[in-house]
Amino acid sequence: MKAMTGSVRLQFHKDFTLDDAAARVPYFQQLGISHIYASPILKARPGSMHGYDVVDPTRINPELGGEPALRRLVQTLRQHDMGLVLDIVSNHMAVGGGHNPWWLDLLEWGRRSPYAEFFDIQWHSPDPLLEGQLLLPFLGNDYGACLQAGEIPLRLDASTGQLYVEHYEHRFPISPPDYAEVLSPATDPVLSKLGGRFGALEHDPHAYDKAPELRAELAAVSHNDALAELLQRFDSTTPDGFQRLHRLLEKQHYRLASWRTAADDINWRRFFDVNELGGLRVERAAVFEATHAKIFELVEQGLIDGLRIDHVDGLADPRGYCRKLRRRVDGLLAARPPEAALTHFPIYVEKILGADEQLHRDWQVDGTTGYEFMNQVSRLQHDPAGAEPLAELWSNLSGRPAVFEEEAHAARHLVINGTLAGDFESVAQALLQVARGDVMSRDLTLGAIRRALQALVVHYPVYRTYISACGRPAEDEKFFQQALDGARNSLSEADWPVLDYLARWLGGEPWRQLPPGRPRKLLRHACVRFQQLTSPTAAKAVEDTAFYRSAVLLSRNDVGFDAEHFSAPPQVFHDACAQRLAHFPDNLLATATHDHKRGEDTRARLAVLSERSSWYPGRVNHWQELAEPLRSRVGDSDAPSPGDELILFQALLGSWPLDLSSDDAEGLQAYAERLYQWQQKALREAKLASSWSAPNEPYEQACKAYLEKLLLDPQCQQLRASLATAVQRISVAGALNSLVQTLLRMTVPGIPDLYQGAEFWDLSLVDPDNRRPVDYAAREQALQATLSPAQLLADWHNGHLKQQLIARTLRRRAEQVALFARGTYEPLPVLGDEADRVLAFARIHADELAIVMVPRLASDLLGDAPSPLIDAQKWGDTRVVLPSNLTLPTLKGLFSDVVVTPNKEVWLNAALKDFPVNLLVQSDL
């Protein structure tokens with residue numbers, strides 16, 4: 001098969017199916033895409049808009065067209081010499097509701113279910129009320145209140161003969177032996193006898209196999225009026241019915257509870273703090289095979305050509321999982337049909353890397369999904385001179401810390417003591433058991449362990465480390481020590497000895513050194529639980545809290561970003577590229593994803609504010625004055641707060657549509673609808689004035705009213721016009737930044753990944769805004785046009801020049817695969833007047849050469865230019881020096897040729913004369 005040279009990420013759902021994607025394959029091929037990179041396509045919860053809530057991993061989602069549609073898509077891809085990379089969810093499944101047969105079977109049979117070991121459940125809870133039961137926090141109110149209100153009625157599924165209780169969309173099956181509670185009192189001999197036979201299942205070792213036949217008999221008599229009367233006896237709105245239904249529910253393998261109990265009492269692992277997503281124990285062989293059987297079938301049949309592993313850090317053993325997956329997949333390649341033959345099957349992991357963290361090289365994967373590249377190019381495009389004035393503006397106006405690390409630590413405390421309190425307590429209890437197993441540590445109290453553990457997790461600088469039987473890997477040691485130092489500085493000296501024990505237990509002394517037995521098992525369990533705690537803590541605290549609380553500059557707050565670092569010099573970017581080429585040359589490179597907080601071009605525009613840090617604060621003060629009449633008083637505070645107001649200003653500056661006039665009522669209304677969704681999510685994620693668990697409706701409504709007036713009220717035209725003018729001041733430079741990051745993504749080491757629709761300007765906000773339908777008809781039409789650079793620049797607002805840059809660059813990649821896949825990466829010296837405003841590098845492979853030149857921090861050079869093209873004269877004598885061992889070729893640019901001087905230099909006033917960025921290639925040195 002054709003090598004992977006560029007992917008396009010597509011989000012599949014009922015409104016964009018596999019057949020819809022097949023219809024767009026010719027366009028993707030013409031754009032230069034080699035592979036579609038698909039969101040999860042296994043059967044998900046009905047109506048799922050993302051596919052990460054899988055309910056049946058053995059089937060292709062029928063809402064997407066099912067397996068026939070998948071085969072049609074693959075056939076179309078093969079006809080266009082393209083491939084398919086599939087996103088899979090190994091960490092969790094959708095639970096609750098009534099659509100996951102494995103989960104329902106578990107609820108019905110408890111530990112007797114063959115799926116009891118599939119889900120990550122703590123069956124032996126320290127809470128006696130949960131011993132041997134699952135806590136099911138799916139009720140909308142307290143259990144007793146729901147029961148009394150008749151909101152958990154007992155039902156019979158007449159088609160299957162299954163008894164269950166329901167609560168809105170949730171279905172909770174009754175264990176078959178307990179059918180006797182319902183049927184045995186019947187005066188009807190058939191029902192009474194059937195009840196006795198169900199009751200006999202209680203101690204029958206073959207109960208699981210016999211129950212379906214008994215349920216079929218019950219279904220056959222479901223029309224019996226006496227059965228309806230029996231069910232009526234469990235009407236919990238009556239005193240007797242309340243007691244009967246309560247006694248029946250108390251006998252189940254689960255305990256129904258209010259959704260509010262989940263944070264403290266949950267006894268099974270979730271995806272982060274989402275009650276509707278239950279963690280899987282994929283480290284178990286049976287679970288691995290059952291959850292991956294369909295995937296392996298698709299691999300073997302040549303229907304998929306690569307895998308992306310969602311949230312790999314949620315797994316008990318990411319390294320072991322990845323290596324096992326590699327062995328299984330590689331073992332299937334020989335059976336693939338000739339037209340789908342592969343010598344190597346790429347596997348990528350969704351992994352957020354912390355500052356200075358590298359993906360472990362022994363996982364046998366091809367790299368990450370590219371969040372770290374988003375961060376690297378973002379830091380490159382932020383002016384360090386803007387860091388201090390923007391930080392001062394934020395802290396003065398909001399009253400909140402400008403140091404991001406302070407917000408992150410506060411958010412970690414909040415999460416650990418809030419939505420993840422139960423998960424934290426589970427780790428603390430596991431460590432207490434380890435302590436009690438050693439005479440030297442048995443005096444450690446649970447309180448001391450809690451304090452030390454919390455301090456350690458709060459200061460963890462990465463999502464997680466990877467403790468194994470051999471202890472902490474060398475690559476992880478510095479991160480653990482950093483967390484340990486931070487914890488020690490925040491605790492009293494009395495708790496330092498507890499930290500020493502944690503350092504020993506959590507990988508300092510490998511558990512393989514212990515003899516087989518309970519102590520070894522307890523230590524391993526504690527290590528696994530600890531690592532599965534630090535990851536969701538980081539995600540919920542940083543991505544889903546601190547990023548919405550801190551707004552020094554929102555372009556530095558996104559998934560995978562180390563927001564504590566504002567910018568970085570070019571050498572840091574060059575070093576990262578060289579390192580990627582050396583270790584993960586096929587790593588994916590993303591600048592937009594389905595999870596981003598802001599679109600790639602939204603961030604690129606906001607980054608310009610770092611270069612305008614002397615102008616921007618004055619504009620903010622002006623807008624605040626104009627907005628005074630828009631604010632409301634909620635309690636003792638303004639709504640929005642100064643911090644929320646500044647965040648809104650940045651959101652407007654970054655996402656304001658290019659052709660939206662401040663007096664376009666219809667356009668402003670459509671824009672406002674998008675911002676309402678973003679605003680509510682931003683306020684609740686911040687968890688300051690409002691939250692998902694306790695929405696502050698008055699505050700939210702006041703903020704919405706402020707936004708509504710700002711965008712729609714004719715009386716606010718002056719403020720609106722001022723904001724629109726500010727957008728115009730930064731939008732041209734923002735577009736230049738966008739073109740720079742687009743070209744870098746496609747030319748540095750790695751595989752460029754294009755997010756759906758982002759071949760035009762992507763001025764989106766967080767989901768659901770970044771998952772809006774894509775107008776592919778417009779994109780197809782634009783790609784057919786043959787336009788000069790001047791024409792593209794004249795109409796740059798329509799995004800066609802970005803699309804042309806992508807198409808032309810990907811075409812070069814396809815023509816010179818080895819050059820961009822394995823060519824050396826060599827930073828090039830830049831000389832002259834504006835040398836500091838240029839980034840340049842060469843890719844060299846055998847007789848092939850590529851030179852990339854892009855502006856950096858160049859908004860001053862643009863000035864008031866009407867398009868993102870810097871006037872060639874402003875480059876003066878700025879030039880790029882080529883490698884000394886090269887001959888003097890004429891280099892072919894994206895739109896025109898460029899001559900190399902006798903000094904082996906390329907002048908910027910020639911290379912960037914017609915187009916804002918350039919890729920120069922020469923195929924015969």
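None of the values given here were measured: they were computed from a predicted structure. (Residues numbered from 1 in each chain as written. Predicted model: local features only at pLDDT ≥ 70, side-chain atom pairs only at ≥ 80, totals over all residues. Heavy atoms only, no water.)

A.B. asks: Just checking my understanding: could you explain the overall build of the chain for this structure?
C.D. replies: Counting secondary structure elements, the chain contains 33 helices and 29 strands. Relative to a compact globule of 925 residues, whose C-alpha radius of gyration would be 29 Å, the chain shows 30 Å and is just as compact. Burial statistics for the chain: of 925 residues in total, 62% are counted as buried. Once local pairs closer than 6 in sequence are excluded, the contacts in the chain between residues at least 24 apart make up 73%. Taking the average location of the 95 positive side-chain charges in the chain and that of its 121 negative ones, the two points are 4 Å from each other. (Helix = DSSP H or I, 4+ residues; strand = E, 2+ residues; numbered from the N terminus. Rg over C-alpha atoms; globule rule 2.2 N^0.38 Å. Buried < 20%, exposed > 50% of the residue type's maximum accessible area, 1.4 Å probe, protein only. Contact = heavy atoms within 4.5 Å. Lys, Arg positive; Asp, Glu negative; His and termini not counted. Charge placed at Lys NZ, Arg CZ, Asp CG, Glu CD.)

A.B. asks: Looking at this structure, how should I read the sheet that holds strand E8 (residues 154-157)?
C.D. replies: Within a beta sheet, neighbouring strands are joined by backbone hydrogen bonds and run either parallel or antiparallel to one another. Overall, antiparallel pairing links the 3 strands, which are arranged E8-E9-E10 in an open sheet. With one partner strand each, in any of the chains shown, E8 and strand E10 (170-173) form the two edges of the open sheet. Put simply, the sheet's adjacent strands are angled 40° from each other on average, direction ignored. As defined by bridge partners, E8 adjoins strand E9 (residues 162-167) across 4 bridges and the pair is classed as antiparallel. Looking at E9, one finds that Arg-155 is bridged to Tyr-164. Taken strand by strand, helix H3 (residues 101-109) contacts E9 and E10, and its axis lies near 40° from that of E10. (Pairing = 2+ DSSP bridges. Axes fitted to C-alpha atoms, helices over the stretch in contact; angles between N-to-C directions.)

A.B. asks: Sorry if this is basic, but what is going on with the layout of surface pockets here?
C.D. replies: Rolled over the atoms, a probe with the dimensions of a water molecule shows which regions are left empty. Here the second largest pocket is characterised by a volume of approximately 1200 Å³. Lining the second largest pocket are 50 residues, with Leu-353, Gly-354, Ala-355, Asp-356 and Asp-562 sitting closest to its centre. Contributions of two or more residues to the lining of the second largest pocket are made by helix H13 (371-380), helix H15 (404-416), helix H18 (474-490), helix H20 (518-543) and helix H21 (570-583). It is H21 that contributes the most residues to the lining of the second largest pocket, 7 residues altogether. Here the lining of the second largest pocket is composed, by residue class, of 22 nonpolar, 14 polar and 14 charged. (1 Å grid on protein atoms, 1.4 Å probe; cavity = no way out; pocket = protein on both sides within 12 Å on 5 of 7 lines; lining within 4 Å. Points joined across faces, edges and corners; volume = space filled by probe spheres on them. Nonpolar A, V, L, I, M, F, W, Y, C, P; charged D, E, K, R; others polar.)

A.B. asks: Looking at this structure, how should I read unusual backbone geometry?
C.D. replies: Where the residue is not glycine, phi is negative for most of them; where a peptide bond is considered, it is trans in most cases. With an omega of 0°, the peptide bond between Ala-639 and Pro-640 qualifies as cis. Within the fold, Pro-640 resides in the loop between strand E19 (637-639) and helix H24 (642-655). The omega angle of the peptide bond from Asp-767 to Pro-768 is 10°, so this bond is cis rather than trans. Relative to the elements of secondary structure, Pro-768 occurs in the loop between strand E20 (751-755) and helix H28 (776-784). A positive phi is found at Gln-364, a non-glycine position, where the angle reads about 65°. Overall, the relative accessible area of 34% leaves Gln-364 in the partly exposed class. Phi at Lys-687 takes a positive value of approximately 60°, unusual for a residue other than glycine. Of note, Lys-687 is situated in the loop between helix H25 (665-686) and helix H26 (697-712). Judged by its relative accessible area of 25%, Lys-687 is partly exposed.

A.B. asks: Help me out: how do you make sense of the environment of Pro-26 in this one?
C.D. replies: Tracing the sequence through the fold places Pro-26 in helix H1 (residues 18-31). Exposure remark for Pro-26: the relative accessible area of 38% places this residue in the partly exposed category.

A.B. asks: Before we go on, may I ask you to explain helix H9 (residues 239-250) in this structure?
C.D. replies: The α-helix winds at 3.6 residues per turn, so residues separated by three or four positions along the chain end up facing the same way. With 12 residues, H9 should reach 16 Å at 1.5 Å per residue; the first-to-last C-alpha distance of 17 Å fits that figure. The set of residues buried in H9 consists of Gly-241, Leu-245, Leu-248 and Leu-249. Seen from one end, H9 has its buried residues packed into an arc of 95°, which puts them on one side. For H9, the exposed residues set more than 90 degrees away from the buried face come down to Pro-239 and Asp-240. Structurally, H9 contributes buried residues whose contacts are with helix H4 (143-148), E8, E9, helix H5 (179-183) and strand E11 (254-258). (Expected span 1.5 Å × (residues − 1). Arc of directions from axis to C-beta.)

A.B. asks: For this particular structure, what's the right way to read the sheet that holds strand E25 (residues 879-881)?
C.D. replies: Spatial strand order, E22-E25-E28: 3 strands in an open sheet with antiparallel pairing. Of all strands in the sheet, those bounded by a partner on one side alone are strand E22 (830-831) and strand E28 (905-907). Note: E22 against E25, 2 bridges, orientation antiparallel. Following the sheet pairing, Val-830 is matched in E25 by Val-880.

A.B. asks: Explanation requested: the packing of H25 against H26 in the structure shown.
C.D. replies: Helix-helix packing is characterised by the crossing angle of the two axes and by the distance between the axes. Put simply, H25 and H26 touch, their axes get as near as 10 Å, and they point 150° apart. Regarding the angle of H25 to H26, the classification is roughly antiparallel. The handedness of the crossing between H25 and H26 comes out as right-handed. Contacts between H25 and H26 pair Leu-668, Gln-669, Tyr-671, Ala-672, Leu-675, Tyr-676, Gln-679, Gln-680, Leu-683 and Arg-684 from the former with Glu-697, Tyr-699, Glu-700, Cys-703, Lys-704, Leu-707, Glu-708, Leu-711 and Leu-712 from the latter. Among the residues forming the contact of H25 with H26, the class breakdown is 11 nonpolar, 3 polar and 5 charged. (Parallel < 35°, antiparallel > 145°, perpendicular 65-115°, else oblique. Left-handed = near helix turned anticlockwise from the far one by under 90°.)

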